[in-house]
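Take a look at the letters that make up each chain.
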Amino acid sequence: QVQVVESGGGLVQAGGSLRLSCVASGSTFRYNPIAWYRQPPGKERDWVAAIAPQGTPTYADSVRGRFTISRDNVKNTVYLQMNSLKPEDTAVYYCNYGGDYWGSYSPGHVWGHGTQVTVSS
């Protein structure tokens with residue numbers, strides 16, 4: 001059973017940057033799409049970005065131009081570089097492994113426990 005672990009969250013001022021990491025277990029990482037989702041307090045979990053096995057990224061409109069998703073298939077790790085952070089980016093950020101990715105991303109059943117990102121104004 002594949003497991004994923006997120007890290008890199010924290011408290012940052014508006015305009016600042018953070019880099020989140022998602023490390024996956026197992027030997028099939030390089031063949032699977034990976035996505036980031038986020039859940040603000042009291043709201044639903046929303047898709048943020050996804051990356052295909054070969055590295056093609058897609059982004060939600062709310063983060064395009066500020067966030068960058070990338071992957072290192074040797075380290076079994078996906079990153080989310082978040083720049084120009086805004087208070088509305090405050091959320092728990094989750095990694096999702098192995099969903100369906102045909103133009104848009106549908107989540108798979110493997111989720112991490114999340115990492116908290118708090119952006120102060």
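Look a little higher up for the structure.
Once a new chain begins, its residue numbering starts again from 1 and follows that chain's sequence as written. It should be noted that, the model being predicted, local features are given only for residues of pLDDT at least 70 and side-chain atom pairs only at 80 or more, the latter also being counted only at that level, while totals for whole chains, interfaces and linings use all residues. Processing note: side-chain calculations cover all non-hydrogen atoms of the structure and skip hydrogens and water entirely.

(A) Representation of the overall build of the protein. Each helix and strand counted, the protein has 0 helices and 13 strands in total. Working definition: helices are DSSP H or I runs of at least four residues, strands are E runs of at least two. Numbering for both runs from the N terminus. In the protein, the succession of α and β elements from N to C terminus is β-β-β-β-β-β-β-β-β-β-β-β-β. The globule rule is 2.2 Å times the number of residues to the power 0.38, and the radius of gyration it is compared with is taken over C-alpha atoms. Over its C-alpha trace the protein gives a radius of gyration of 13 Å, about what one expects of a compact globule, namely 14 Å for 121 residues. Seen through its principal axes, the protein has C-alpha atoms that stretch 40 × 25 × 25 Å. In this description, contact between two residues means that some pair of their heavy atoms is separated by no more than 4.5 Å. Considering only residue pairs separated by 6 or more positions, the protein has 57% of its internal contacts joining residues 24 or more positions apart. For every accessible area listed, the method is Shrake-Rupley and the probe measures 1.4 Å; residues are considered covered only by the protein chains on display. Split by element, the accessible area of the protein, about 6300 Å² in all, is 49% carbon and sulfur. The distance from the centre of the 10 positive side-chain charges to the centre of the 8 negative ones in the protein is 6 Å. Under this rule, positive means Lys or Arg and negative means Asp or Glu; His and the chain ends count for nothing. We put the charge of a Lys on NZ, of an Arg on CZ, of an Asp on CG and of a Glu on CD.

(B) Representation of the state of the cysteines. The definition used for a disulfide is geometric: two cysteine sulfur atoms within 2.5 Å. Scanning all chains against the criterion turns up 1 disulfide. Each sulfur in the disulfide pair Cys22 and Cys95 lies 2.0 Å from the other. Taking the sign of the S-S torsion, -70 degrees for the link of Cys22 and Cys95, the bridge is left-handed. With Cys22 in strand 3 (residues 18-24) and Cys95 in strand 9 (residues 91-97), the pair connects residues that are 73 residues apart, well separated along the chain. Here's how the labels work: a residue is buried when its accessible area is under 20% of the maximum for its type, exposed when over 50%, partly exposed in between, all with a 1.4 Å probe on protein chains only. Assessed through its relative accessible area of 0%, Cys95 is described here as buried.

(C) Inspection of unusual backbone geometry at higher detail. Here the phi dihedral of Asn76 falls at roughly 55 degrees; this positive angle occurs in a residue that is not glycine. Even without being a glycine, Ser84 presents a positive backbone phi close to 50 degrees. When you line up the elements, Ser84 lands in the loop between strand 8 (77-82) and strand 9. A residue is classified by how much of its surface remains accessible, and Ser84, at 42% relative accessible area, is partly exposed.

(D) Structural view of the nonpolar core. Core analysis: the largest hydrophobic core is formed by 29 residues, its most contacted members being Trp36, Leu80, Met82 and Tyr93. Of all the secondary-structure elements, those providing two or more residues to this core are strand 3, strand 4 (34-39), strand 5 (46-51), strand 7 (67-72), strand 8, strand 9 and strand 13 (115-120). Filtering out sequence-adjacent residues up to four positions away, Leu80 remains in contact with Leu18, Arg19, Leu20, Trp36, Val48, Ala49, Phe67, Thr68, Ile69 and Tyr93. Residues Ala35, Tyr37, Tyr101 and Tyr105 belong to the second largest nonpolar core, which totals 6 residues. Among the buried residues, those of types Ala, Val, Leu, Ile, Met, Phe, Trp, Tyr and Cys that are joined through side-chain atoms within 4.5 Å form a nonpolar core.

(E) A look at the pattern of salt bridges. A pairing counts as a salt bridge when a side-chain nitrogen of Lys or Arg comes within 4 Å of a carboxyl oxygen of Asp or Glu. Inspection of every chain in the model, using the stated rule, returns 3 salt bridges. Between Asp89 and Arg66 there is a salt bridge, and its shortest N-O distance comes to 2.7 Å. Separated by 23 residues along the polypeptide, Asp89 in the loop between strand 8 and strand 9 and Arg66 in the loop between strand 6 (57-59) and strand 7 bring together distant segments of the chain. On the accessibility criterion, Asp89 (0% relative accessible area) is buried.

(F) Region of interest: the side chain of Thr90. Inspection of the secondary structure assignment puts Thr90 in the loop between strand 8 and strand 9. Here a polar contact means two N or O atoms within 3.5 Å. Within protein one must be a hydrogen donor candidate and the other an acceptor candidate, and residues neighboring in sequence count only if both atoms are side-chain atoms. Within the structure, Thr90 has its side chain in polar contact with the backbone oxygen of Pro87 (distance 2.9 Å). Within the structure, Thr90 has its side chain in polar contact with the backbone nitrogen of Val119 (distance 2.9 Å). Look past the residues within four positions of Thr90 in its chain and what remains in contact with it is Pro40, Pro41, Gln116, Val117, Thr118 and Val119.

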